[in-house]
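Spelled out, the chains give:
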Amino acid sequence: MRIMWIKTLTVMMKFALREVLRKKVLVAGGLLTGVFLFVFVLGLHFINEQIHGKGFEQIAGFQFFTLGLYAATFLIVVIAAFAGVSAVSGEIETGTAYGLLASPVPRSQILLGKFLGYAFLLVVYDTVVLLAIWGATAWQLGVAIPGVIEILPLLYLETLTMLALSFLGSVLFSSLTNGITIFLLYGVALLGGMVEQIGALARGFSTTTVTALINAGIITSLILPVDALYRRSIYLVSSKAGGITDILHNLGPFGSLSAPSVWMEVYAVIYLCACLAAATYLFSRKDI
Amino acid sequence: MFALETRNLTKVYPTGGGCFDVSLTVEPGEVFGLLGPNGAGKSTFIKMLVGLLRPTGGEGRLLGLPVRLPAARRQVGYLPENFRYHDWMTARELLEFHSALHGLDYRDIRRRLPKVLAMVNLLGAEGRLARTFSKGMQQRLGLAVALLPGPRLLFLDEPTSALDPIGRKEIRETILELRGQGVAVFLNSHLLTEVEQVCGRVAVINKGRIRTQGSLEKLLGAGLEMEMHIGGATEELMERLAKLGRVFRATQEGDIQKVWVRVSNREQAPLLAEAVVNCGGRLHLFSQARNTLEELFVELVTGEDHVD
């Protein structure tokens, strides 16, 4: 029974991987990521020309790495959302679901197999992009950012959380509605995260205002913990920056002055599992 | 054990429509036809059986297993109406993918693939992307997908809707070949002549309810009604016709005598023509007047409001 389960998941994973390859998603994604990294390296190169030998390499390196991570996270989260946005609804809308779901395979295995296929590709992509940003910073500015391996699981968690939410939306809504809903939720999470950081920076404001701003961020983190995971990544990296840690924490809306605790990671894992469980349950009961 | 058995199987949509209290059985090696106008509930019924819709009442069994169990579909093939397959795959990849979902191992797939491709006349086209196939080829590819796992029960939902007359003939021959192999075929169609040619038993569904079901002989009656237009009809001829069957209507239009005769079976129909010729009459028209499946279908469906 277990062998059959693994076999089916493998078949669906291969299906998802083949789909990505055949639809040239990997080629297009690879080329555009190349453009993104080129622009990043170009920026590092010109900054290095300006500051070389003036002792600012450490600060510039951390700041550029943070900037790169912010942009990469945005890209990765958007790609994860796109990957799942029509995972189920697309099959129903195009009519391919009829042949697929009339097979003797439980729907939960079809959904999980597809999820694992996309997840595998996205995890590889996360690793490549993060190491490329780290490598580019080290190459151009000579600054090896510490703690990168620590934040890699957080990046995976961000990606998989977004993918799971997108899969759940794909069971509940049409592809268009799901796409709009997911991006609006991400927008809310991003904005909430920035508001929280502004609250943490606004020490001169009244306590009520500061608390309200920080709470707004926490609430949006609970709605979608993706941005909070990014903040935690930045916090972990900048905490290892020695004497410039305080400067890095004060990056304004992009920083992590108000940093989520490790419990946010636990919450994100629960959130991911809950999304997947809800998606498989609802998909199993859905009329096609 | 029945290949298919339902008892009061019901699906009620939130809008109120659906399929209500459908009870029927299909034996192994039997071709069963489900007839009904558009929107009558034919596809809803099949979708419940292949796991696409959750029944709201009653029960159904496929090869002895409850329809709610995915394992019940392990030896079941399904060709959906208006189906689409992932057209970025080649025909071979599609067939391999669906067979793998049915639990076939690679060796089985390789062994069965050429045979099934030959059956649906797609041998040589397996390396092409499905999106490059014509509509008829795609329909045949769909049938191949349904056949490759070696089903003991096959659901065909309007299988010939996209096919030309030759393609239809091929599908009919395939159905009869499968019947010969002991495969139960559940044919959902509104092409009545097609159903008449291959089905042993039929059910007529309208507004979600089965109106009648049984063997074609039982439904159409043992008798046969023939219409004849005869020139030079004599009294002797009319007497001979009356001996062969029951003349239930006769009208004269100019030189032509129009006669409707009911005979007890199909074998007696040629005897009517023979009698006309032997008595010196000229046969201008000789055709079956009543009791086609179409007449039965129209009789059952008209008088009720069409769903669509």
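Before any of the text, the structure's been laid out above.
Residues numbered from 1 in each chain as written. Chains lettered and ligands numbered in written order. Predicted model: local features only at pLDDT ≥ 70, side-chain atom pairs only at ≥ 80, totals over all residues. Heavy atoms only, no water.

Quick look at the environment of Glu158(B) now. All names here are of chain B. Note on placement: Glu158 falls in the loop between strand 7 (153-157) and helix 5 (165-180). Taking the C-alpha atoms as reference points, Glu158 and Lys218, 60 residues apart in sequence, are found 24 Å from one another. Apart from residues no more than four positions distant in its own chain, Glu158 is found in contact with Lys42, Glu81, Gln139, Asn188, Ser189 and His190. (Helix = DSSP H or I, 4+ residues; strand = E, 2+ residues; numbered from the N terminus. Contact = heavy atoms within 4.5 Å.)

The subject of this paragraph is a nonpolar patch on the surface. Taken together, the side chains of Val27(A), Leu31(A), Leu32(A), Val35(A), Phe38(A), Val39(A), Leu42(A) and Phe46(A) define a hydrophobic patch exposed on the protein surface, amounting to about 810 Å² of accessible area. Tracing the backbone shows Leu32(A) in helix 2 (residues 25-51). (Patch = residues over 30% accessible without salt bridge, like charges linked within 9 Å, V, L, I, M, F, W, Y side chains within 5 Å. Areas by Shrake-Rupley, 256 points an atom, 1.4 Å probe, with all protein chains shown as cover. Salt bridge = Lys/Arg side-chain N within 4 Å of Asp/Glu carboxyl O.)

It is worth spelling out the packing of helix 7 (residues 148-172) of chain A against helix 12 (residues 262-285) of chain A at this point. Residues and elements named next belong to chain A. It is the contact of helix 7 with helix 12, at a shortest axis distance of 9 Å, that shows an interaxial angle of 25°. Relative to helix 12, the element helix 7 lies roughly parallel. Here the hand of the crossing between helix 7 and helix 12 comes out left-handed. Together, Leu154, Leu157, Leu160, Thr161, Ala164, Leu165, Phe167, Leu168, Val171 and Leu172 of helix 7 and Glu265, Ala268, Val269, Tyr271, Leu272, Cys275, Leu276, Ala278, Ala279, Leu282 and Phe283 of helix 12 make up the contact between the two elements. Among the residues making up the contact of helix 7 with helix 12, the classes are represented as 19 nonpolar, one polar and one charged. (Axes fitted to C-alpha atoms, helices over the stretch in contact; angles between N-to-C directions. Parallel < 35°, antiparallel > 145°, perpendicular 65-115°, else oblique. Left-handed = near helix turned anticlockwise from the far one by under 90°. Nonpolar A, V, L, I, M, F, W, Y, C, P; charged D, E, K, R; others polar.)

On to the sheet that holds strand 1 (residues 4-12) of chain B, then. Residue and element names in this part refer to chain B. The antiparallel open sheet is built from four strands, whose spatial order is 2-1-4-5. One side of each edge strand has no neighbouring strand; the edge strands of this open sheet are strand 2 (18-26) and strand 5 (65-66). Direction of pairing for strand 1 relative to strand 4 (residues 57-62): antiparallel, over a ladder of five bridges. Residue pairing in the sheet places Glu5 in a bridge with Arg61 of strand 4. With respect to the sheet, helix 1 (residues 42-49) is in contact with strand 1, strand 2 and strand 4, its orientation differing from that of strand 1 by roughly 115°. (Pairing = 2+ DSSP bridges.)

Let us look at the pattern of salt bridges. Under the definition given, this model contains 14 salt bridges over all chains. Among the ionic pairs, Lys11(B) bridges to Asp287(A), the shortest N-O distance being 2.5 Å. Taken together, the residues span two chains, with Lys11(B) in strand 1 and Asp287(A) in the segment after helix 12.

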